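Each chain, written out:
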Amino acid sequence: MALRVNSESFEAEVLGSEGIVIADFYSDSCVPCKRLSPVLSQIEEELADKLKLVKININFDAELAEKYEVMSVPTLVFFRNGEEISRLGGALKKSEIISEIDKL
């Protein structure tokens with residue numbers, strides 16, 4: 001299950017992590033976010049040895065959304081060893097996310 005992070009835990013859980021971390025910036029009122037959540041859970045289960053998934057609720061952590069220039073949700077920001085390396089936004093298909101992970 002994806003780890004919920006906030007501004008206090010973001011540095012340790014995302015920036016301090018080795019390997020790939022996907023930060024899912026979402027909102028509880030966002031329908032595409034709700035549809036994406038089970039897809040991300042499947043990916044996390046299938047690729048547990050390759051990546052870490054964290055969720056950031058922009059309603060409670062607007063400062064993180066602002067810092068990472070998240071203009072709409074859902075937005076997935078990919079980090080490797082604490083550095084942003086890619087991002088995807090919108091209502092994504094599982095295949096699109098897997099394709100992006102494969103590129104990384």
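As the structure is a prediction and not an experimental result, all values here were calculated from the model.

A. Representation of helix 2 (residues 31–46). With 16 residues, helix 2 should cover 22 Å at 1.5 Å per step; its first-to-last C-alpha distance of 24 Å lies within 8% of that length. In helix 2, a bend of some 25° at Ser 37 exceeds every other bend along the element, and Pro 38, a proline, comes one to four places later. Among the residues making up helix 2, those that are buried are Cys 33, Leu 36, Val 39, Leu 40, Ile 43 and Glu 44. In this structure, the buried residues of helix 2 make contact with strand 2 (20–26), strand 3 (51–57), strand 4 (75–80) and helix 4 (94–103).

B. Fine view of the packing of aromatic side chains. The final tally for this structure, using the stated rule, is four aromatic pairs. Ring geometry for Phe 10 and Phe 79: centres 5.9 Å apart, planes at 75°, overall edge-to-face. With Phe 10 in helix 1 (residues 10–15) and Phe 79 in strand 4, this residue pair connects regions lying 69 residues apart in the sequence. For the pair Phe 10 and Phe 79, a shared accessibility class is recorded, and that class is buried.

C. Quick peek at the nonpolar core. Counting 16 residues, the largest nonpolar core has Ile 22, Leu 36, Ile 43, Leu 51, Leu 76, Ile 97 and Ile 101 as the members making the most contacts within it. Looking at this core, the elements with two or more residues in it are strand 2, helix 2, strand 3, strand 4 and helix 4. Per-element accounting of this core gives the leading share, four residues, to helix 2. Every residue in contact with Ile 43, bar those within four places of it in the chain, is listed here: Leu 51, Lys 94, Ile 97, Ile 98 and Ile 101. Residues Val 5, Val 14, Ile 56 and Ala 65 belong to the second largest nonpolar core, which totals 14 residues.

D. Focus on helix 4. Buried within helix 4 we find Ile 97, Glu 100 and Ile 101. Down the axis of helix 4, the buried set is contained in an arc of 100°. They therefore lie on one face. Facing away from the buried side of helix 4 by more than 90 degrees, the exposed set consists of Ser 95, Asp 102 and Lys 103. Residues of helix 4 that are buried sit in contact with strand 2, helix 2, strand 3, strand 4 and strand 5 (83–89).

E. Just the sheet that holds strand 1 (residues 3–4), in detail. Spatially, the five strands line up as an open sheet ordered 1-3-2-4-5, and their pairing is mixed. In this open sheet, the two edge strands, each paired with only one partner strand, are strand 1 and strand 5. Relative to strand 3, strand 1 is paired through two bridges, and the arrangement is parallel. Residue pairing in the sheet places Arg 4 in a bridge with Lys 55 of strand 3. Where helix 2 meets the sheet, its contacts fall on strand 2, strand 3 and strand 4, and the angle it forms with strand 3 comes to roughly 160°. In the packing of helix 4 onto the sheet, contacts are made with strand 2, strand 3, strand 4 and strand 5, and the angle to strand 5 comes to roughly 160°.

Rules used throughout
- Residues numbered from 1 in each chain as written.
- Predicted model: local features only at pLDDT ≥ 70, side-chain atom pairs only at ≥ 80, totals over all residues.
- Heavy atoms only, no water.
- Helix = DSSP H or I, 4+ residues; strand = E, 2+ residues; numbered from the N terminus.
- Expected span 1.5 Å × (residues − 1).
- Bend = angle between axes of the 7 residues up to and from the residue.
- Buried < 20%, exposed > 50% of the residue type's maximum accessible area, 1.4 Å probe, protein only.
- Contact = heavy atoms within 4.5 Å.
- Phe/Tyr/Trp six-rings, centres within 6.5 Å; stacked < 30°, edge-to-face > 60°.
- Core = buried A, V, L, I, M, F, W, Y, C linked by side-chain atoms within 4.5 Å.
- Arc of directions from axis to C-beta.
- Pairing = 2+ DSSP bridges.
- Axes fitted to C-alpha atoms, helices over the stretch in contact; angles between N-to-C directions.

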